[in-house]
Amino acid sequence: MGRILLDAVSETILNFVFFLLKFAAWSIQWSVALVIFVAVMAASGYYVYTVTLQAGEPVQVPSIVNLPVNEAMIRLREQGLEMGKQDLAPHDTLPENHIISQRPAPGRVVRTGRKVYTTVSMGRDYLTAPDLANRYLENAREELETSLFRLGSVARVPDSKPRNMILAQDPPPGYDIEKGASIHLLVSDGDGQYRDYMPDLRGRPVSEIEAIMKPYNVTLVAQEVENMPGAREDVVLDQDPQPATLLFNGQVVTYKVKSSRPEPTPAPLVRATVSHEMRYDWYNRDVRIEQVDRDGNRTVLETFPASNDEVSRASRVLGSSLKVDVEYRERCRIDFYVDEIVVASYAIEDGQPPVRTTP
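What comes next concerns the included structure. What you see is a predicted model; the values in this text were computed from it and never measured.

Counted by the stated rule, this structure contains 14 salt bridges. Here Arg285 and Asp339 are joined by a salt bridge, their closest N and O atoms 3.9 Å apart. Taken together, the residues Arg285 in the loop between strand 16 (269-277) and strand 17 (287-293) and Asp339 in the loop between strand 20 (331-338) and strand 21 (341-349) connect sequence positions 54 residues apart. On the basis of relative accessibility, which here comes to 7%, the residue Arg285 falls in the buried class. One connected set of salt bridges, linked through shared partners, spans Arg288, Glu290, Arg298, Arg333, Asp335 and Glu340.

Following this line, the structure appears as structure tokens:
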């Protein structure tokens, strides 16, 4: 009996000791949590006091909607505010570089130093349709492939003008159309008369071609080829249209030839500098400078992606100049693009000063 009683007392004492240990651990955990909580609250209070309450004097946000960007920045500075990030968007009525909307809204009370975020007009998202009348279909097709438009449907009608010459277009020249829109063409199919079938010119000496084709009332175009090993020289290698094809009055006939004439001595390399003065702020525009050599090959010389950082806003402004150093042989052209549109072109020839060829 005494043994049982002793065991019961011992178990009770052990349970009590375990309880005290658990209580002590629980107390320590909650004490640490309380210290962390107090520290966080103190830090938050300090932040509110030093950053929020002492950030600056309260001011009222001015209305900058419909204003040019430069004028809007001045008005914000007068209130101790800054211009924040600018998003670009097309707008049917608001001119380019004018404020469409702002955040925070006008009249709201904020602290000085606050940034005001805006949406800026890109102007209408339209381009002007080019004038393709009286041009040959192939030339117009090449131009449209390198522009922001697409070739639409092509309709043919009999006409006294040469075959494949463009008579009319839809939309008409100068009409405002969206980027990537299709331009539909009405093309001459000739007067319906033909002289004969196309003769076979292949293998004929080039010196005889004009005399052979003179009775057919066509336009001859020679295309010289270089990378054709083993080809005979000074004879027709291929032709378009092919032999036995109907020939129309005024049709263009092309033939390929490998000339035996010696390669001309390369023209000397000339260096020049081309400068173009920008007529508006351009930090928020994509600007590109390209060189077109004497053979029509294009090379990108410089690119300036749109940027709203402080350096760009300070330097890429109205009146600033874009300068580029170029090297060329005989002649070249320098094109300045702004948002994929040519705004200026300069022609250079034989070391003479650049001459602007666009308004």
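On we go.
This part is about the sheet that holds strand 5 (residues 115-121). If you trace the three strands from one edge of the open sheet to the other, you get 2-5-3, paired in mixed fashion. The sheet is open, and its two borders are formed by strand 2 (82-89) and strand 3 (99-103), each paired with just one other strand. Put simply, the sheet's adjacent strands are angled 25° from each other on average, direction ignored. Sheet topology note: the strand 2/strand 5 ladder contains six bridges and is parallel.

Turning our attention to the environment of Asp87. In this fold, Asp87 is placed in strand 2. You can call Asp87 partly exposed: its relative accessible area is 39%. Between the alpha carbons of Asp87 and Ser101 there is a distance of 9.8 Å; along the sequence they are 14 residues apart. Apart from the residues lying within four places of it in its own chain, the contact partners of Asp87 are Thr118, Thr119 and Val120.

Of the positions making up helix 2 (residues 69-78), those classed as buried are Val69, Ala72, Met73 and Leu76. Taken end-on, helix 2 shows its buried residues confined to a sector of 100°, consistent with a single buried face. Its buried side turned inward, helix 2 meets strand 2, strand 3, strand 5 and helix 5 (310-315). Remark: Gly80 follows helix 2 within two positions and exhibits a positive phi of approximately 80°.

Definitions and limits used
- Residues numbered from 1 in each chain as written.
- Predicted model: local features only at pLDDT ≥ 70, side-chain atom pairs only at ≥ 80, totals over all residues.
- Heavy atoms only, no water.
- Salt bridge = Lys/Arg side-chain N within 4 Å of Asp/Glu carboxyl O.
- Helix = DSSP H or I, 4+ residues; strand = E, 2+ residues; numbered from the N terminus.
- Buried < 20%, exposed > 50% of the residue type's maximum accessible area, 1.4 Å probe, protein only.
- Pairing = 2+ DSSP bridges.
- Axes fitted to C-alpha atoms, helices over the stretch in contact; angles between N-to-C directions.
- Contact = heavy atoms within 4.5 Å.
- Arc of directions from axis to C-beta.

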